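# Coordinate analysis (summary)
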Amino acid sequence: MIPPNPPFRTHHTPRPTPHLSVFQPSPNGLCLIPYRDSLEHIRGNLQETWDLRAATLREREGTLFQLYADVGAGIESGFSCTGDRVSLARIAQYDEEIKRVGGIKSERGAEVEGLAAQIKDLWEELGFGPRDEYERSVAQGSFGELGWGTLVISILSAKFQSLSAEKLAREEKIMVMGQGITTLWKRLATPEEEQTAFLEAHAGIGDDVISAVRRVIKSFNSQCRIEVPHTTSLSVLLLTFSLSTHPPHCSAKSICPTSRLSLRCAL
Amino acid sequence: MEKTLVSIASDALSQLGDLWNTMGVQNEERASYLSQITSDVATMYATCVSRQVDRKSLLDAEIQGLQTTIEDMQVAMDEPVNVVSAGIPFLAP
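Please read all numbers here as calculations on a predicted model, not as lab measurements. Each residue is numbered by its place in its chain's sequence as written, counting from 1. Whichever chain is written first becomes A and whichever ligand is written first becomes 1, with later ones labelled in order. Confidence filtering applies because this is a predicted model: local features only for residues at pLDDT of at least 70, side-chain atom pairs given and counted only at 80 or more, and all residues used for totals across whole chains, interfaces and linings.

Our next topic: the overall build of chain A. Helix and strand counts for chain A come out as 10 helices and zero strands. For helices the rule is a DSSP run of H or I covering at least 4 residues; for strands it is a run of E covering at least 2, with both sets numbered from the N terminus onward. When the helices and strands of chain A are read in sequence order from the N terminus, they spell out α-α-α-α-α-α-α-α-α-α. Any residue surrounded by 20 or more other C-beta atoms within 10 Å of its C-beta is treated as buried, while 12 or fewer makes it exposed and the intermediate range makes it partly exposed; C-beta atoms here are placed from the backbone. Burial status across chain A gives 16% buried among its 267 residues. Pairs at least 24 residues apart make up 75% of the contacts formed inside chain A by residues separated by at least 6 positions. Think of it this way: build a C-beta for each residue from its backbone, and any pair within 7 Å is a contact.

The next subject is the overall build of chain B. When helices and strands are counted, chain B shows three helices and zero strands. Counting from the amino terminus, helix and strand elements in chain B follow one another as α-α-α. Residue burial in chain B is summarised as follows: out of 93 residues, 12% are buried.

Residues and elements named next belong to chain A. End to end, helix α2 (residues 88-126) covers 56 Å across 39 residues, agreeing with the expected 57 Å (1.5 Å per residue, within 8%). Structurally, α2 contributes buried residues whose contacts are with α1 (32-71), α3 (133-140), α4 (143-146) and α5 (150-188). Looking one or two residues past α2, Gly127 carries a phi angle of roughly 75°, positive in sign. By this rule the span expected of a helix is its residue count minus one, scaled by 1.5 Å.

Residue and element names in this part refer to chain A. Looking at chain A as a whole, its pLDDT mean stands at 75, while 72% of the residues score no less than 70. Per-residue pLDDT, averaged within each element of chain A, yields its smallest value for helix α9 (residues 252-255) (35) and its largest for α2 (93). Confidence of the predictor in every single residue is expressed as pLDDT, which spans 0 to 100. In the predicted structure, residues 1-28 sits below a pLDDT of 50 and forms 47 contacts with residues beyond four places in sequence or in another chain. Below a pLDDT of 50 lies the segment residues 228-267, which in the model reaches 54 contacts outside its immediate sequence neighbourhood of four places, other chains included.

The subject of this paragraph is unusual backbone geometry. Within the chain, Ala189 of chain A stands out as a residue other than glycine whose phi angle is a positive 55°. Assignment of secondary structure puts Ala189 of chain A in the loop between α5 and α6 (192-201). Its identity as a non-glycine residue notwithstanding, Asp78 of chain B has a phi of 55°, on the positive side. According to the C-beta neighbour criterion, Asp78 of chain B is exposed, with 12 such atoms within 10 Å.

All names here are of chain A. Joining buried Ala, Val, Leu, Ile, Met, Phe, Trp, Tyr and Cys residues through C-beta atoms within 7 Å gives a set, and that set is a nonpolar core. Core analysis: the biggest nonpolar cluster contains nine residues, these being Ile174, Met175, Val176, Met177, Ile181, Leu184, Ile205, Val213 and Phe220. At the level of secondary structure, the elements contributing two or more residues to this core comprise α5 and α7 (207-227). The dominant element in this core, judged by the number of residues it contributes, is α5, at six residues. Here Phe220 is in contact with Leu184 and Leu188, once residues within four sequence places are set aside. Within the second largest apolar cluster, eight residues are counted, among which are Val112, Ala116, Ile119 and Val152.

What follows is about the packing of α2 of chain A against α5 of chain A. Residue and element names in this part refer to chain A. The contact between α2 and α5 brings their axes to 9 Å, and the two run at 25°. When the axis of α2 is compared with that of α5, the two are roughly parallel. Relative to α5, α2 is oriented so that their crossing is left-handed. Residue-level contacts link Arg108, Glu111, Val112, Leu115, Ala116, Gln118, Ile119, Leu122, Glu125 and Leu126 of α2 to Val152, Ile153, Leu156, Ser157, Lys159, Phe160, Leu163, Ser164, Glu166, Lys167 and Arg170 of α5. Under the scheme applied, nonpolar residues are Ala, Val, Leu, Ile, Met, Phe, Trp, Tyr, Cys and Pro; charged residues are Asp, Glu, Lys and Arg; polar residues are all the others, including Gly. Broken down by class, the residue content of the contact of α2 with α5 amounts to 11 nonpolar, three polar and seven charged. Whenever a helix is involved, its axis is fitted only over the stretch in contact; in every case the axis is a line through C-alpha atoms, and angles between N-to-C directions fall within 0 to 180 degrees. For this classification, under 35 degrees means roughly parallel, over 145 means roughly antiparallel, 65 to 115 means roughly perpendicular, and everything else is oblique. In this scheme, a crossing is called left-handed if the near helix is turned counterclockwise away from the far one by less than a right angle; it is called right-handed if the turn is clockwise.

Right, let's get into the packing of α1 of chain A against α2 of chain A. Residues and elements named next belong to chain A. Viewed as axis vectors pointing N to C, α1 and α2 meet at an angle of 25°, and their least axial separation amounts to 9 Å. Judged on the interaxial angle alone, α2 and α1 are roughly parallel. Pair α1 / α2 crosses with left-handed handedness. Between α1, through Arg53, Thr56, Leu57, Arg60, Glu61, Thr63, Leu64, Leu67, Tyr68, Asp70 and Val71, and α2, the contact on the second element is made entirely by Arg90, Ile91, Tyr94, Asp95, Glu97, Ile98, Val101, Gly102, Ile104, Lys105 and Arg108. Class assignment of the residues belonging to the contact of α1 with α2 gives a composition of 10 nonpolar, three polar and nine charged.

Moving on, we get to the environment of Ala54 of chain A. All names here are of chain A. Note on placement: Ala54 falls in helix α1. Under the C-beta neighbour-count criterion, Ala54 is labelled partly exposed, with 13 such atoms within 10 Å. Once the C-alpha coordinates of Ala54 and Thr82 are considered, the two residues, 28 residues apart in sequence, prove to be 8.5 Å apart.

If you want it as structure tokens, here you go:
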């Protein structure tokens with residue numbers, strides 16, 4: 001006698017899973033072998049989906065770890081490994097975290113770029129240039145080499161503040177020298193065109209300008225000694241323009257209130 | 001298949017009867033010989049059944065394993081566990 005088919009029946013209506021091949025038992029049920037084959041088919045489909053999701057998770061994990069490294073942050077709990085969940089919700093968690101850390105990176109990137117641009121402007125004004133690999137990366141805008149960590153922002157901020165202080169010091173120095181040279185020009189009745197030509201040729205706050213002004217003052221001092229060696233008032237004047245010890249009164253700030261003072265402004 | 005097996009047995013017994021009649025084999029000897037044949041055939045059938053029982057056990061284990069695997073995968077993938085639930089009554093003791 002042929003044994004009846006095994007009493008394979010469902011207890012409830014299966015919930016739909018559209019992207020998976022769902023085993024639907026026939027009204028009369030299935031024997032073991034076709035049932036096993038159906039299960040194997042389902043397992044195969046699930047494995048395919050599993051592999052795709054696992055690959056997606058690995059890719060997201062790589063992206064996230066790179067972002068953590070970029071911003072110099074440690075790996076958040078829950079993302080140290082993909083874990084044994086390969087659900088769409090887990091992928092969504094990674095996407096959310098990538099978005100969050102990516103946002104931090106973008107904000108810091110903007111801050112780093114802004115500081116780098118300000119530093120480059122100051123270098124240009126001061127006649128400086130990059131002195132090491134790090135500063136070369138700043139100059140070339142190679143922000144990937146600098147990174148996006150808080151340390152980078154601290155270093156760049158410190159550089160910016162240092163350069164700003166240097167700029168201010170030079171502006172003050174040039175202002176003092178400018179006042180001195182103006183007084184000398186007046187004493188020596190230097191023609192207006194000559195004064196203008198000098199000012200146009202020596203704009204800015206770079207070392208070259210400061211050196212040039214020093215040279216001119218020195219030259220004027222020599223001229224004064226040669227041309228009017230016995231003039232008491234000029235001797236006093238020369239002593240007065242020993243700039244490091246006796247800076248003249250500064251009134252240039254009222255003439256040029258901006259921070260970008262030049263010799264021309266100072267005069 | 002069963003019909004063929006019955007006819008084979010029937011033919012064999014018929015031939016044996018003819019041979020034994022021709023040879024004048026005594027009934028006690030015939031009974032003893034038939035008893036031995038019965039024992040051999042029973043052993044052979046028992047072996048066949050045993051092999052198929054083993055095969056079914058293997059199939060059951062395979063199905064149980066697949067059900068567990070599928071359920072684990074569906075849980076890990078947050079997919080509805082409908083397939084395995086459908087199979088459980090079949091394998092329940």
